[in-house]
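What the coordinates show
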Amino acid sequence: MQKILDDVFLLTVPIPYDFGNVNCYLIKGKRGYTVVDTGDYTEEAIAVWQKVISEGLVVEKVVVTHAHTDHIGLAGWFQQQFNVPVWMAAKSYAELNKIRAQFINEKYFNPHALFLVRHGGPLFRKQDNRFHQYKSYQFDPDMVFDENEEIPLGDYSYNTIWTPGHSPDHFSFFNEKNQVLFVGDHILNSINPIVICNGEGDNPLKDYLQALEKLMQCQAKYVLPGHGEPIPDLMARIELMMSHYQKRWNQTYDAINEQGSTAFEVSQQVYGRNLSQERAGSAFYQTITNLTYLESLGQVKIAEKEGKIYFYQNS
């Protein structure tokens, strides 16, 4: 474990995709440690936690930032193996139940497959278990919280800040006294997190940017993300992220041809064609999100043709 503060420690837990690991935080208190996010339900992740616990560490409770499997995957394992209570946002519990309903015979079926086809993409596998392991979702929280509540992490109280975008249920946690801000996947130090549009009428990037404004109000010295290194300067990082977004929006707009383009065509123009399946999928999702946001600003317009959605420059 890496010491961040006298009462805050970082445990890096391996995951078999994306960044290769997830940041799990342990906050020391009089009754034991509060764990913020757990890693996915894998043998490698369980081995890491078993080693830590075998050394005498007592876990008081688990708190999760959002219902993605790399952050909640072992919450049920802690609950069932060690009788550790799990805390999550009411929005995350709703998301958890929604995801559970998408399993058939313990196999996950992607509800967005046809949505992606409408945006010009190939028919991605409807059955996809890599990012949705059945075991990760088989628990119910012991405690739920809502926005702008005070919850204990260790011996200090943290304000719950709803920060949707990367996930509709995402929460960050801020302690003003110690200037500690847990941002989960809302802000990362090296790249902009993916913001996924889940269906027509969704505008998650608008939500994401509004949530960034909330975090800009936090006078945080220690900004602790769900992946990668801590963020040394919150405002500077947000400014850099916004600069990157503006660049991507310009590239996205310029990639739309006169006859109209699908999001998949724009994605290939902006991000390239020679990407791994994982990166190509992320780029496609992000392009839909960016185009949807530009449409809400009136910069592009949309029309449906032969069952597919096309975007046009609104010049």
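Our subject is the structure that appears above.
In what follows, the accompanying structure is described. All of these numbers come straight from a predicted model, not from anything done at the bench.

Considering the overall build of the protein chain
Helices and strands together make up the secondary structure of the protein chain, namely nine helices and 16 strands. Seen along its three principal axes, the alpha-carbon backbone of the protein chain occupies a region of about 65 × 45 × 35 Å. When the 315 residues of the protein chain are sorted by exposure, 52% land in the buried category. Looking at the protein chain alone, contacts between residues at least 24 apart form 65% of all its contacts between residues at least 6 apart. Just so you have it, the protein chain exposes about 14,800 Å², and 47% of that area is on carbon and sulfur atoms. Placing the 27 positive and 37 negative side-chain charges of the protein chain at their respective mean positions leaves the two points 3 Å apart.

Here's the deal with the sheet that holds strand E11 (residues 156-162)
In sheet architecture, strand pairing relies on hydrogen bonds along the backbone and comes in two forms, parallel and antiparallel. The sheet built from five strands is open, its strands ordered E10-E11-E12-E13-E14 with mixed pairing. Each having just a single partner strand, strand E10 (150-153) and strand E14 (222-225) make up the two edges of the open sheet. In this sheet, adjacent strand axes meet at a mean angle of 30° when their direction is disregarded. Two elements, strand E12 (residues 171-175) and strand E13 (residues 180-184), share three bridges in a ladder whose sense is antiparallel. Paired with Phe174 across the two strands is Leu181, which belongs to E13. Running over the sheet, helix H6 (residues 204-216) touches E11, E12 and E13 and is turned about 155° from E11.

Comments concerning helix H3 (residues 75-82)
Among the residues of H3, those classed as buried are Ala75, Gly76, Trp77, Phe78 and Gln79. The inward-facing, buried residues of H3 contact helix H1 (43-54), strand E5 (59-63), helix H2 (69-72) and strand E6 (86-89). Asn83 lies just past H3 and shows a positive phi near 55°.

Topic: the pairing of strand E15 (residues 300-305)
The side chains of a regular strand alternate, residue by residue, between the two faces of the sheet. Where E15 meets strand E16 (residues 308-313), six bridges bridge the pair, whose relative direction is antiparallel. Bridged to Lys305 within E16 is Lys308. Connecting the antiparallel pair E15 and E16 is a turn made up of two residues, with Glu306 showing a positive phi of about 50°.

Some details on the packing of helix H8 (residues 263-271) against helix H9 (residues 277-296)
At a minimum axis separation of 9 Å, H8 and H9 run at an interaxial angle of 110°. The angle between H8 and H9 falls in the class roughly perpendicular. Between H8 and H9 lies a crossing of right-handed hand. Of the residues in H9, those touching H8 at Ala263, Phe264, Val266, Ser267 and Tyr271 are Ala283, Phe284, Gln286, Thr287, Ile288, Asn290 and Leu291.

Overview of H8
For an α-helix, the turn length of 3.6 residues means that residues three or four places apart are oriented alike. If you check which residues of H8 are buried, you get Ala263, Phe264, Val266, Ser267 and Val270. Down the axis of H8, the buried set is contained in an arc of 160°. They therefore lie on one face. The inward-facing, buried residues of H8 abut helix H7 (234-254), H9 and E16. Immediately beyond the C-terminal end of H8, within one or two residues, lies Gly272, with a positive phi of roughly 95°.

Focus on the pattern of salt bridges
Counting across every chain of the model gives nine salt bridges. A salt bridge links Lys51 to Glu55; the nearest nitrogen and oxygen atoms lie 2.8 Å apart. An identical accessibility class is assigned to Lys51 and Glu55; each is exposed. A salt bridge links Glu95 to Lys98, with the nearest nitrogen and oxygen atoms 3.5 Å apart. Note that Glu95 and Lys98 are positioned in helix H4 (residues 90-100) at a spacing of three residues, about one turn of the helix. Via salt bridges that share partners, Arg31, Glu60 and Lys61 belong to a single interconnected network.

Some details on the sheet that holds strand E4 (residues 32-36)
The strand order across the open sheet formed by seven strands is E1-E2-E3-E4-E5-E6-E9, and the pairing between neighbours is mixed. On the outer flanks of this sheet lie strand E1 (2-3) and strand E9 (143-145), each paired with one strand and no other. Direction of pairing for E6 relative to E9: parallel, over a ladder of three bridges. In the strand pairing of E9, Met88 is matched with Val144. Against the sheet, H1 touches strand E2 (8-14), strand E3 (21-29) and E4, its axis set at about 145° to E2.

Some words on the nonpolar core
Counting 38 residues, the largest nonpolar core has Leu181, Ile187, Leu205 and Tyr208 as the members making the most contacts within it. At the level of secondary structure, the elements contributing two or more residues to this core comprise helix H5 (113-118), E13, H6, H7, H8, H9 and E16. When residues of this core are assigned to their parent elements, the largest contribution, six residues, is made by H9. Look past the residues within four positions of Ile187 in its chain and what remains in contact with it is Leu212, Leu215, Pro225, Ile231, Leu234, Arg237, Ile238 and Met241. Val22, Cys24, Ile53 and Phe103 belong to the second-largest nonpolar core, a separate cluster that totals 34 residues.

Cut-offs and rules
- Residues numbered from 1 in each chain as written.
- Predicted model: local features only at pLDDT ≥ 70, side-chain atom pairs only at ≥ 80, totals over all residues.
- Heavy atoms only, no water.
- Helix = DSSP H or I, 4+ residues; strand = E, 2+ residues; numbered from the N terminus.
- Buried < 20%, exposed > 50% of the residue type's maximum accessible area, 1.4 Å probe, protein only.
- Contact = heavy atoms within 4.5 Å.
- Areas by Shrake-Rupley, 256 points an atom, 1.4 Å probe, with all protein chains shown as cover.
- Lys, Arg positive; Asp, Glu negative; His and termini not counted.
- Charge placed at Lys NZ, Arg CZ, Asp CG, Glu CD.
- Pairing = 2+ DSSP bridges.
- Axes fitted to C-alpha atoms, helices over the stretch in contact; angles between N-to-C directions.
- Parallel < 35°, antiparallel > 145°, perpendicular 65-115°, else oblique.
- Left-handed = near helix turned anticlockwise from the far one by under 90°.
- Arc of directions from axis to C-beta.
- Salt bridge = Lys/Arg side-chain N within 4 Å of Asp/Glu carboxyl O.
- Core = buried A, V, L, I, M, F, W, Y, C linked by side-chain atoms within 4.5 Å.

This is a description of form; function is not addressed.
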